[in-house]
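This is what each chain is made of:
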Amino acid sequence: MHQPNLKRKAAFACAVTMTALCASYLPMLDGFAAGDVVINEVCTKNTTLAAPDGNFYDYVELYNSSSTAVSVAGYGLSDSADLPYSYTIPAGTSVPAKGYLVIYCGIDSTSGVSGAAFGLSKKGETVILTDAGGNTLETLEIPALDDD
């Protein structure tokens, strides 16, 4: 699994601490319980994290900060508000407690790798996570990014 560098770990620890501090004051954000599955990382030009087929695809990494596994079956991932389920996470998929799920993007259906067909633009992008009930959980505006 992808291991964030030391600066990312420190930034993430700070964000988790702030989330924990605010959680008692903001138990629900737009119907999404604070501390559940969130978009943790987006890579629009991946050259270091190989997919199971050995290729390097764009990716979105989800993180589950809760102490129990969370089912994400039926959740949608998209780069378009008009098509919130451009990619639907398959049945039986969950994010382990305090764990990650990488969803590769720009996947050709003939590759044999499970993932989203839409790619992510290195010049900037919007990534949307929607739950199985159609509720938008997170909309993330990604600026132009360097490789990896």
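Residues numbered from 1 in each chain as written. Predicted model: local features only at pLDDT ≥ 70, side-chain atom pairs only at ≥ 80, totals over all residues. Heavy atoms only, no water.

Chemist: Account for the overall build of the protein chain, naming residues and giving values.
Modeler: Counting secondary structure elements, the protein chain contains one helix and twelve strands. Reading the protein chain from its N terminus to its C terminus gives the helix and strand order α-β-β-β-β-β-β-β-β-β-β-β-β. If you take every contact in the protein chain between residues at least 6 apart in sequence, the share linking residues at least 24 apart comes to 58%. (Helix = DSSP H or I, 4+ residues; strand = E, 2+ residues; numbered from the N terminus. Contact = heavy atoms within 4.5 Å.)

Chemist: Got a sec to walk through the sheet that holds strand E11 (residues 125–130)? Specific residues and values, please.
Modeler: If you trace the four strands from one edge of the open sheet to the other, you get E7-E6-E11-E12, paired in antiparallel fashion. Both outer strands of the open sheet, strand E7 (87–88) and strand E12 (136–142), are each paired with one neighbouring strand and no more. Relative to E11, strand E6 (residues 76–78) runs antiparallel, the two sharing three bridges. Residue pairing across strands places glycine 76 opposite threonine 130, the latter belonging to E11. (Pairing = 2+ DSSP bridges.)

Chemist: Give me the environment of serine 94: which residues, what numbers.
Modeler: Along the chain, the position of serine 94 falls in strand E8 (residues 94–95). Residue classification places serine 94 among the partly exposed positions, given a relative accessible area of 37%. The sequence separation of serine 94 and alanine 73 amounts to 21 residues, and the corresponding C-alpha distance is 6.8 Å. Apart from residues lying up to four places away in sequence, serine 94 is in contact with Ala69, Val70, Ser71 and Val72. (Buried < 20%, exposed > 50% of the residue type's maximum accessible area, 1.4 Å probe, protein only.)

Chemist: Describe the side chain of glutamate 41, with residues and values.
Modeler: Mapped onto the secondary structure, glutamate 41 falls in strand E3 (residues 37–43). By relative accessible area, glutamate 41 is classed as buried at 10%.

Chemist: Which residues make up unusual backbone geometry, and what values do they have?
Modeler: In this structure, lysine 98 is a non-glycine residue whose phi angle is positive, near 55°. Tracing the backbone shows lysine 98 in the loop between E8 and strand E9 (100–105).

Chemist: Give a detailed account of the packing of aromatic side chains, specifying residues and quantitative values.
Modeler: Taken as a whole and assessed by the stated rule, the structure comprises three aromatic pairs. A centroid spacing of 6.5 Å and a plane angle of 70° characterise the contact between tyrosine 59 and tyrosine 104, whose relative ring orientation is edge-to-face. Separated by 45 residues along the polypeptide, tyrosine 59 in strand E4 (residues 58–64) and tyrosine 104 in strand E9 bring together distant segments of the chain. Comparing tyrosine 59 with tyrosine 104, the two get one shared label, buried. (Phe/Tyr/Trp six-rings, centres within 6.5 Å; stacked < 30°, edge-to-face > 60°.)

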